[in-house]
Every structure is written in C-alpha cells, then in structure tokens.
Amino acid sequence: MSAKKTSPTPSDCYVFCIANQKGGVGKTTTAINLATALSQLKKKVLLIDLDPQGNATMGSGIDKNNCERSVYQVLIGENTVEEARQRSETGGYDVLCANRHLSGAEIDLVEMESRELRLKNCLAPVLDDYDFVLIDCPPTLSLLTLNGLACAHGVIIPMQCEYFALEGLSDLVNTIKRVYRNINPELQLIGLLRVMFDRRVTLQQQVSEQIKQHFGDRVFETAIPRNVRLAEAPSHGMPGVVYDKKSRGAKAYIKFGSELIERLSAKS
Ligand code: ATP
Ligand code: MG
C-alpha cells in the first residue's frame, strides 16, 4: 500500500469499511457509534450494513425483519440506494439495512458481471450526499466483504488486544493488499482501533505495545474501553453514544470521531 494521499478532497465523501474477519471483535459497535459520533460532529453519514446478521440495522433502531428494501435488493439491482436508504432516528444518519436475505447475495453475485464492483457502482450516484459512508462488514473475507473493500477509500480495523488478535490480522492485511493491487488502488489501511480495551490487564498492554511497534501511527490514539453501556444499547435500538452519552464508552467513540476527522484533515 502506498503512503501517498489517494483519498478524496475534503469536500468529497470518504468511504470506509469497518472490517475484521474475526467474529465478535466490535465491528458493528464501532460502525454504529462512529456513525453517530460523526453525525453529532455535523457530518452527513450513510451506514451500510453488509452483514446478513443485520446487527448494525437493529442497533440503529430499524427492524431488520420489516426491511423490504435492503442492501440485498440494491446489490441485485432491484432498488437504487436512494430508494432503499432509511433514516436512523436515534443515530441521526442514513442506513442501508440488511437481514438474512443478504446471505443469498453471495450466490446471486457469483453469476453477475463485475461481481465485486456491484456495491461501488450502486453507491456512486449518492456519494455527493454524504461526508462519510461507513460499511459494517461481516466476519468473513467473502464476496460481500470484497464488495465493501472494492468501493472503499480505507479500512478501519477494530481489534481486541488479545493474544490471537495478531494472527488473524495478517490475513486481513494481506487481503487489503491484494484488493489494493488488483481491484482498488485507492484502498488504504486507515487505522487500527483498540476496542474493549482494559489498560489494567497486562496482556492487553503488551499486545497493544506490539501492535504499536508493528503498525506505528496507524494505531489510533483513542482506545475504546470495555463498557457495559455500549453492549446494552442495541437492545434499546440505540447507539451507545445516544443511549448513555455520559458513559466512558460513548465519550471514547466521540473522541474517536474527532480523531478520525483530525487525521483526515491533516492528510489533505
Ligand atoms: P460479528 O463478527 O458477529 O459481526 P462484531 O465484530 O460486529 O461481531 P460486535 O457485535 O460489535 O462485534 O460486538 C460483539 C459483542 O461485544 C456484542 O455483544 C457487543 O455489545 C459487545 N461489545 C462491543 N464493544 C464493546 C465494548 N467496548 N464494551 C463492552 N462490550 C462491547
Ligand atoms: Mg457485526
């Protein structure tokens, strides 16, 4: 990956994947709360739920089972993004929702022309409407994730500072490099976000240091603490940042949103 700036000018839209093929590492929690933080910082945000589990949809306060126009309909060409996007009233951003039907997309897409570029092509007409598009990826390196990576300017990797975290990371970084070389020369690793972080745990500190040694300033300064309010929020159909804005978790995600904006403006 090159270090040169390939992301758009500040007036344009940044498209970021929140990805890690490891399950349960905090992708969806990050996608929902970053979307909320950015919208509270006066940015226009579209959150794309690219996971058939539909957790980002539910956590944004939208019932995935009543969603007739989802990202699946968009990918197979039945609906445009303009027709399918919905508003997260609790989060203050737009959502392209997902539910279990999306698992069929893997099969439908295989037969289609430019199958890894479907999302990119569908998204192009609405990019001017947003400052940020965040894509919540599934815990796989599948065709869905590939569609996300193919249309993104960058990847944000949430990770827990645990022993096995480093192992999976190299697969993901290699995938990002492959996509960069073969499909999307704009793709960059934006940064690693330490989540569910507890500085008091020695192993977490050690792994955090290792990650910093390896990835340098690509590790975000902000770390998201383990905070039960973030975990409770989805069952209330609310982002943690809104559910309990005074909680440590909410404050950390707001800080992360500011750090991201600062980094991007420093680069441009
Ligand atoms: P999947 O791979 O299944 O899509 P994911 O990577 O999207 O999972 P999440 O669903 O965001 O991970 O988080 C996994 C679990 O951890 C959830 O129950 C979530 O509420 C909880 N969680 C995430 N971040 C935190 C945090 N900072 N503090 C406490 N709990 C958290
Ligand atoms: Mg998820």
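The preceding data block contains the structure.
Now for a description of the structure that goes with this document. Computed from a predicted model, the values in this text were never measured in an experiment.

1. Section: the state of the cysteines
For step 1, the next point in the chain: Inspection of the entire model under this criterion finds 1 disulfide.
For step 2, the next point in the chain: A disulfide bridge connects Cys 67 with Cys 97, and the sulfur atoms are separated by 1.8 Å. Here Cys 97 lies in the loop between β4 (93-96) and α5 (105-110) and Cys 67 lies in the loop between α2 (55-59) and α3 (71-75), a separation of 30 residues in the sequence. Accessibility assignment for this pair places Cys 67 and Cys 97 in one class, buried.
For step 3, the next point in the chain: The cysteine Cys 122 is free of any disulfide, with Cys 151 supplying the nearest cysteine sulfur at 9.4 Å.
For step 4, the next point in the chain: The thiol sulfur of Cys 151 is not disulfide-bonded, and the nearest other cysteine sulfur, from Cys 17, lies at 6.0 Å.

2. As for the packing of helix α1 (residues 27-40) against helix α12 (residues 248-267)
For step 1, the next point in the chain: Running from N to C, α1 and α12 cross one another at 70 degrees; their axes reach a closest spacing of 8 Å. Taken as axis vectors, α1 and α12 run roughly perpendicular relative to one another. Seen along the crossing, α1 lies across α12 with a hand that is right-handed. When α1 is examined against α12, the residues Thr 29, Thr 30, Asn 33, Leu 34, Ala 37, Leu 38 and Gln 40 are found in contact with a partner set consisting of Tyr 253, Ile 254, Phe 256, Gly 257, Leu 260 and Ile 261.

3. Digging into the site of ligand 1
For step 1, the next point in the chain: Ligand 1 sits among 18 residues. The nearest are Gly 24, Lys 27, Thr 28, Thr 29 and Asn 227.
For step 2, the next point in the chain: Measuring from an oxygen atom of ligand 1, one finds a backbone N or O atom of Val 25 at 3.0 Å.
For step 3, the next point in the chain: Within the backbone of Pro 225, one N or O atom sits 3.0 Å away from a nitrogen atom of ligand 1.
For step 4, the next point in the chain: In the complex, 80% of the free accessible area of ligand 1, which totals 630 Å², lies under the protein chains.
For step 5, the next point in the chain: Contributing elements (two or more residues each) for the shell around ligand 1: α1, β8 (219-225) and α10 (228-232).
For step 6, the next point in the chain: Of all the elements, α1 adds the most residues to the shell around ligand 1, at 3 residues.
For step 7, the next point in the chain: A per-class count over the shell around ligand 1 returns 7 nonpolar, 7 polar and 4 charged.

4. Considering the pattern of salt bridges
For step 1, the next point in the chain: Going through the model one piece at a time under the given rule, you end up with 8 salt bridges.
For step 2, the next point in the chain: Here Glu 209 and Lys 212 are joined by a salt bridge, their closest N and O atoms 3.8 Å apart. Taken together, the residues span about one helical turn, with Glu 209 and Lys 212 both in helix α9 (residues 202-215) at a distance of 3 residues.
For step 3, the next point in the chain: Look at Glu 209 and you get partly exposed, because its relative accessible area is 43%.
For step 4, the next point in the chain: Here Arg 229 and Glu 232 are joined by a salt bridge, their closest N and O atoms 2.8 Å apart. Of this pair, Arg 229 and Glu 232 both sit in helix α10, 3 residues apart, which is roughly one turn of that helix.
For step 5, the next point in the chain: Note on Arg 229: relative accessible area 29%, which makes it partly exposed.
For step 6, the next point in the chain: Each of the salt bridges in this network shares a partner with another, and the network as a whole consists of Glu 82, Arg 85 and Asp 129.

5. Re the pairing of β4
For step 1, the next point in the chain: Bridge analysis of strand β2 (residues 45-49) against β4 gives 3 bridges, and the strand direction is parallel. In the sheet register, Ile 48 faces β4, and the bridge partner there is Leu 96.
For step 2, the next point in the chain: Here strand β3 (residues 86-88) runs beside β4; their pairing, made up of 3 bridges, is antiparallel. Within β4, the position partnered with Ser 88 by the bridge is Tyr 93.
For step 3, the next point in the chain: Linking β3 to β4, which pair antiparallel, is a turn of 4 residues; within it Gly 92 sits at a positive phi near 80 degrees.

Rules and cut-offs
- As a convention, each chain's residues are numbered from 1 in the sequence order in which they are written.
- Each chain takes a letter, starting from A, and each ligand takes a number, starting from 1, following the order in which they are written.
- Confidence filtering applies because this is a predicted model: local features only for residues at pLDDT of at least 70, side-chain atom pairs given and counted only at 80 or more, and all residues used for totals across whole chains, interfaces and linings.
- Heavy atoms throughout the structure, all of them, feed into the side-chain values; hydrogens and water do not.
- In this description, the term disulfide denotes a pair of cysteine sulfurs within 2.5 Å.
- For helices the rule is a DSSP run of H or I covering at least 4 residues; for strands it is a run of E covering at least 2, with both sets numbered from the N terminus onward.
- Each residue is assigned to one of three classes by its accessible area relative to the maximum for its type, calculated with a 1.4 Å probe on protein chains only: buried under 20%, partly exposed between the two thresholds, exposed over 50%.
- Lines fitted to the C-alpha atoms define the axes, with helices restricted to the stretch that makes contact. Angles between their N-to-C directions range from 0 to 180 degrees.
- Under this scheme an angle from 65 to 115 degrees is roughly perpendicular, one under 35 degrees roughly parallel, and one over 145 degrees roughly antiparallel; angles in between are oblique.
- Helix crossings fall into two classes, left-handed where the near helix is turned counterclockwise from the far one by less than a right angle and right-handed where it is turned clockwise.
- Residue contacts follow a heavy-atom distance rule, with two residues in contact if any of their heavy atoms lie within 4.5 Å.
- Each residue is tested against the molecule or strand, and it is near if at least one of its non-hydrogen atoms lies within 4 Å.
- By the criterion applied in these results, polar contacts are pairs of N or O atoms within 3.5 Å in which, for protein atoms, one can donate a hydrogen and the other can accept it, and in which residues neighboring in sequence qualify only through two side-chain atoms.
- In these tables, accessible area is a Shrake-Rupley quantity obtained with a 1.4 Å probe, and a residue counts as shielded only by the protein chains included in the view.
- Any residue that is not Ala, Val, Leu, Ile, Met, Phe, Trp, Tyr, Cys, Pro, Asp, Glu, Lys or Arg is counted as polar, Gly included; the first ten are nonpolar and the last four charged.
- Here, a salt bridge means any Lys or Arg side-chain nitrogen found within 4 Å of an Asp or Glu carboxyl oxygen.
- Between any two strands, at least two bridges found by DSSP are needed for them to pair.

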